[in-house]
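Structural characterization, general
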Amino acid sequence: MSSILHFKILKHFPQLSHCLTTRHYEGDITTARGQEYFLKSYQFDQSNFILPKQVHGSEIQVIEDKGLLLSNKQFAADAVITKRKNIWIGVLVADCFPILIFEPSVNVIAVIHAGWRGIEQNIHLKTLKYLLEIMNCSIQHLLIGIGPGIGACCFEVGKEVSDKFVKRSTIAAQFVQPVSEQKALVDLRGLITSDFMMADIPLENIENMNYCTSCCSDLFYSYRNEGKNTGRMLLAARLNESSQDDK
Ligand SMILES: [Zn+2]
């Protein structure tokens, strides 16, 4: 069983490293010790690792200099963007969707923690907008990996949640499947993918790791299956320094 997965479309860029841990990853990635082990395996130290305090919101944190790293302050955000080289940025997930966006011509990366609350607040589209408008990314060059998350097969919610998506748009409503008067299944992966496509991201630039975390409990942690004390998967990415770069 794999302990680390990679997105195929993001694997072959020398200037990008990324990984997604599974439940077979050695050590608990949610603890300082587990994170230290992760960094050591890539010969990095703790000051090169940014993990936001995830709050199921739509705040984006942009890492522009090392000050934030050295201040050791944990900031609340569900998306992190950086152009800085040699730092890892990451998000922790168990059912929520980890998303990695990379623009190879501008050399910028973003990681997103997207659960239903964040998706409802458009965290993925706000991050995309920031990349396009502030970071000058090109829509044709953006590559997006959407990792394992809870599938439409298992994400049954009450009407109070599914109605938020039904009311959002007729397209969003297509990803809600009522199962009874009070319950519905919501296809968050389908919705995120459709949102990116509607924003003109070419389909071939989007890779879905089509696993349901709740169905595939042999490979992933699932909050819904196992409760809040279950482990987490880490999606992490970094831009690498190349020999031509100015230090
Ligand atoms: Zn499932």
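Source: prediction; values computed, not measured.

**Brief notes about the overall build of the chain**
Looking only at helices and strands, one finds 8 helices and 14 strands in the chain. Relative to its length of 247 residues, the chain is compact, with a C-alpha radius of gyration of 18 Å against a globular reference of 18 Å. Overall, the C-alpha framework of the chain stretches about 60 × 40 × 30 Å when taken along its three principal axes. Of all 247 residues assigned to the chain, the portion counted as buried reaches 51%. Pairs at least 24 apart in sequence give 65% of the contacts found in the chain among residues at least 6 apart. Within the structure as shown, the chain displays about 11,700 Å² of accessible surface, and the carbon and sulfur contribution to it stands at 48%.

**Focus: the packing of helix α4 (residues 123-133) against helix α7 (residues 188-198)**
Where α4 contacts α7, the two axes come as close as 10 Å, and the packing angle between them is 30°. Classified by the angle their axes make, α4 and α7 are roughly parallel. Crossing geometry of α4 relative to α7 is assigned as right-handed. In this structure, α4 contributes His124, Leu125 and Leu128 to the contact, and α7 contributes Ile192, Asp195 and Phe196. Of the residues in the contact of α4 with α7, the class split is 4 nonpolar, 1 polar and 1 charged.

**Some details on α4**
Every buried residue of α4 is accounted for by Ile123, His124, Thr127, Leu128 and Leu131. Here the buried residues of α4 occupy an arc of 135° about the axis, which is enough to place them on one side. Lining the buried residues of α4 we find β4 (60-63), β5 (79-82), β7 (97-103), β8 (108-114), α3 (116-120) and α7.

**With respect to the coordination of the zinc ion**
Coordination sphere of the zinc ion, protein contribution only: Cys153 (SG), Cys154 (SG), Cys212 (SG) and Cys215 (SG), at 2.3 Å. With 4 donor atoms in place around the zinc ion and angles of 103 to 117° between them, the coordination shape is tetrahedral.

**Some remarks on the pairing of β7**
Within β7, 7 of the 7 residues are buried, which leaves the element mostly enclosed by the surrounding structure. Alternating positions in β7 separate into two faces, Phe97, Ile99, Ile101 and Glu103 on one and Pro98, Leu100 and Phe102 on the other, with burial throughout. Direction of pairing for β7 relative to β8: antiparallel, over a ladder of 7 bridges. The residue bridging Pro98 from the neighbouring strand is His113, located in β8. The turn joining β7 and β8, which pair antiparallel and follow one another in sequence, is formed by 4 residues; a positive phi near 65° is taken by Asn107. Sheet topology places β7 next to strand β9 (residues 143-146); 4 bridges connect them, and they run antiparallel. Bridged to Leu100 within β9 is Gly145.

**Considerations on the packing of aromatic side chains**
As enumerated under the stated definition, the model contains 8 aromatic pairs in all. On the numbers, 5.0 Å between centres and 75° between planes, the contact of Phe13 with Phe102 is edge-to-face. Here the residue Phe13 occupies a position in the loop between β1 (4-5) and β2 (16-21), and Phe102 occupies one in strand β7, the gap between them amounting to 89 residues. On the basis of relative accessibility, which here comes to 23%, the residue Phe13 falls in the partly exposed class. A relative accessible area of 0% means that Phe102 is categorised as buried. Between Phe38 and Trp88, the aromatic rings sit 5.2 Å apart at their centres with planes inclined by 70°, giving edge-to-face as the arrangement. Of the two residues, Phe38 sits in helix α1 (residues 32-41) while Trp88 sits in strand β6 (residues 88-93), which places them 50 residues apart along the sequence. Considered together, Phe38 and Trp88 belong to a single accessibility category, that of buried residues. Put simply, the rings of Phe38, Tyr42, Phe44, Phe49 and Trp88 touch in pairs and so form one group of aromatic residues.

**So, the sheet that holds β1**
The mixed open sheet is built from 5 strands, whose spatial order is β1-β2-β14-β6-β3. In this open sheet, the two edge strands, each paired with only one partner strand, are β1 and β3 (49-50). In the sheet, β2 pairs with strand β14 (residues 233-239) via 5 bridges, with the strands oriented antiparallel. Bridge pairing in β14 links Leu20 to Leu235.

Rules of the game
- Residues numbered from 1 in each chain as written.
- Predicted model: local features only at pLDDT ≥ 70, side-chain atom pairs only at ≥ 80, totals over all residues.
- Heavy atoms only, no water.
- Helix = DSSP H or I, 4+ residues; strand = E, 2+ residues; numbered from the N terminus.
- Rg over C-alpha atoms; globule rule 2.2 N^0.38 Å.
- Buried < 20%, exposed > 50% of the residue type's maximum accessible area, 1.4 Å probe, protein only.
- Contact = heavy atoms within 4.5 Å.
- Areas by Shrake-Rupley, 256 points an atom, 1.4 Å probe, with all protein chains shown as cover.
- Axes fitted to C-alpha atoms, helices over the stretch in contact; angles between N-to-C directions.
- Parallel < 35°, antiparallel > 145°, perpendicular 65-115°, else oblique.
- Left-handed = near helix turned anticlockwise from the far one by under 90°.
- Nonpolar A, V, L, I, M, F, W, Y, C, P; charged D, E, K, R; others polar.
- Arc of directions from axis to C-beta.
- Donors = N, O, S within 2.8 Å, 3.2 Å for Na, K, Ca; no water.
- Tetrahedral: all angles 85-135°; square planar, octahedral: opposite > 155°, others 65-115°.
- Pairing = 2+ DSSP bridges.
- Phe/Tyr/Trp six-rings, centres within 6.5 Å; stacked < 30°, edge-to-face > 60°.

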